[in-house]
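Here's the letter readout for the chains.
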Amino acid sequence: MIKQCKTAILISGSGSNLQAFIDAIKENNLNLDITIVLSNNPNAYGLKRAKSAGIKTICIQHSKFENRESLDKAVIKELENYEPDLLILAGFMRILSPIFIRKYSGKILNIHPSLLPKYPGLDTHQRALDAGEKWHGSTVHFVTADLDCGPRILQGRITINPNETSEELKERVQKVEHYIYPLAAKWVASDKATFKNGECWIDGKISRKPPLINF
Ligand code: GRF
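These notes cover the structure that comes with them. Quantities reported herein were computed from a predicted structural model and do not represent experimental measurements.

**Quick notes on the pairing of strand β6 (residues 135-142)**
Step number 1: The buried fraction of β6 is high, at seven of eight residues.
Step number 2: Examined bridge by bridge, strand β5 (residues 108-112) and β6 share four bridges and lie antiparallel to one another. Considered in β6, the bridge of His112 is made with Thr139.
Step number 3: In this sheet, strand β7 (residues 152-159) lies alongside β6 in antiparallel orientation, the contact comprising seven bridges. The partner of Gly137 across the bridge, within β7, is Arg157.

Structural data, given as structure tokens:
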């Protein structure tokens, strides 16, 4: 990819991952240019974070669209003004349509709060606790048409504490996310991690088992 890659960040809520990107850029740990933050939710706190950092924001409310495709077409139309090299989904709670995924194939990253392939979908922390897991964590992956199943780039893992609640676990997993997401994006922006033939490649080799950082 290019030197300072133009990045769009898509959010729906608190935006703590967005904040991690803003901070990493400010601390010169990440060479991305966040050109736009887009939310489908007008009340997303992440919009305030973006504005405080002087980043342009747009809100495209999903409730105003008939279906997923018409929403995605509107999002694409907006994004085209910014010609993003990279799209970061940071708690964006909408499923993307194939039109969107094809258009930005290999350029969309997502973070999912589990050690994928375990626990795709929602409520991951409680499900990991209920299953008596020893470890839990988070995964950064390329987005493909398979929900939460695209090729994995990087994982962060923590040990579940005895008697931990799902809220406590979520909080600790988010700290992991704030480290691994900007790092994985840095790998993609610098071409250390690439998406080719439907797989993740790291340093020119197919990476079917993602690097794992223990916290
Ligand atoms: C994160 O925990 C991420 O794993 C999931 O959505 C959450 C977003 O949190 N995809 P925030 O809005 O970045 O605080």
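**Considering unusual backbone geometry**
Step number 1: With an omega of 15°, the peptide bond between Leu116 and Pro117 qualifies as cis.
Step number 2: Tracing the chain through its elements places Pro117 in the loop between β5 and α5 (124-130).
Step number 3: Even without a glycine there, the phi angle at Asn28 is positive, about 60°.
Step number 4: Along the chain, Asn28 falls in the loop between α1 (16-26) and β2 (32-39).

**Here we look at the sheet that holds β2**
In a beta sheet, neighbouring strands pair by backbone hydrogen bonds and run either parallel or antiparallel.
Step number 1: Reading across the sheet, the eight strands line up as β3-β2-β1-β4-β5-β6-β7-β11 and stay open at both edges, with mixed pairing between neighbours. Two strands in the sheet have a free side with no partner beyond their single neighbour: β3 (57-59) and β11 (212-214). Strand after strand, the sheet turns through a mean of 20° between neighbouring axes, direction not considered.
Step number 2: Bridge analysis of strand β4 (residues 86-90) against β5 gives three bridges, and the strand direction is parallel. Within the sheet, the bridge partner assigned to Ile88 lies in β5 and is Leu109.
Step number 3: Contacting β1 (5-11), β2, β4 and β5, α1 runs over the sheet at an angle of about 160° to β2.
Step number 4: Relative to the sheet, helix α6 (residues 166-189) contacts β1, β2, β4, β5, β6, β7 and β11, its axis offset from that of β7 by approximately 155°.

Cut-off values and rules
Residues numbered from 1 in each chain as written. Predicted model: local features only at pLDDT ≥ 70, side-chain atom pairs only at ≥ 80, totals over all residues. Heavy atoms only, no water. Buried < 20%, exposed > 50% of the residue type's maximum accessible area, 1.4 Å probe, protein only. Helix = DSSP H or I, 4+ residues; strand = E, 2+ residues; numbered from the N terminus. Pairing = 2+ DSSP bridges. Axes fitted to C-alpha atoms, helices over the stretch in contact; angles between N-to-C directions. Contact = heavy atoms within 4.5 Å.

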